[in-house]
Amino acid sequence: MPLSMNRLILYVRDVSLLKRFYQKHFSFDLVEEISDEWVVLNTGRIELAFHRVGMPWRDLPLSRSSSNVKMVFIVKSGLPELRASLLSAGVVMGGIKRYDGFSQLMCDGEDPEGNVFQLSQPD
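Given the structure is predicted, the values throughout are model-derived calculations rather than measurements.

A. Layout of the sheet that holds strand β6 (residues 92-93). One open sheet accounts for 4 strands, arranged β5-β8-β7-β6; its pairing is mixed. A single partner strand is all that each edge strand has here, and the edge strands are β5 (70-74) and β6. Pairing analysis gives 7 bridges linking strand β7 (residues 104-110) to strand β8 (residues 116-122), with the strands arranged antiparallel. Pairing of D108 across the sheet is with Q118, part of β8. Contacting β5, β7 and β8, helix α1 (residues 15-26) runs over the sheet at an angle of about 15° to β8.

Set out below in structure tokens:
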């Protein structure tokens, strides 16, 4: 039986903050929302959802180095300009890189809760 992925859910502390971040910088459309608890954004083939963490974890210190997720977003063109725009808005961004054997430019960034994302522009 073939399966396909349609949604990625991240457990987060501030659903509204991440909703604003991804809508402002990536123009993702809102699919559904329960105020301050749940948001689903349309990112293309896969929806990105934010679910507020449970009570025991809400007040723990945020650990930016503990994320084991990297979301990859395709940029058709203008990666250097998008990176510059994100940097000017105070978003943590790495440098643009290219690896042998890969036909794209890439750069990594972090959202306000430390979730890592990659912007990838095919040649």
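That covers the picture; the talk isn't over yet.
B. Structural context of the sheet that holds strand β1 (residues 7-12). A sheet is described by the order of its strands in space; here 4 strands give the open sequence β1-β4-β3-β2, paired in mixed fashion. Each having just a single partner strand, β1 and β2 (29-34) make up the two edges of the open sheet. Between one strand axis and the next, the sheet turns by 15° as a mean value, whatever way the strands run. Where strand β3 (residues 38-42) and strand β4 (residues 47-52) come together, 5 bridges link them in antiparallel fashion. Bridge assignment links V39 to a residue of β4, and that residue is F50. Each of β1, β2, β3 and β4 touches α1; the most contacted strand, β4, lies at about 155° to it.

Each value, and the rule that gives it
Residues numbered from 1 in each chain as written. Predicted model: local features only at pLDDT ≥ 70, side-chain atom pairs only at ≥ 80, totals over all residues. Heavy atoms only, no water. Pairing = 2+ DSSP bridges. Helix = DSSP H or I, 4+ residues; strand = E, 2+ residues; numbered from the N terminus. Contact = heavy atoms within 4.5 Å. Axes fitted to C-alpha atoms, helices over the stretch in contact; angles between N-to-C directions.

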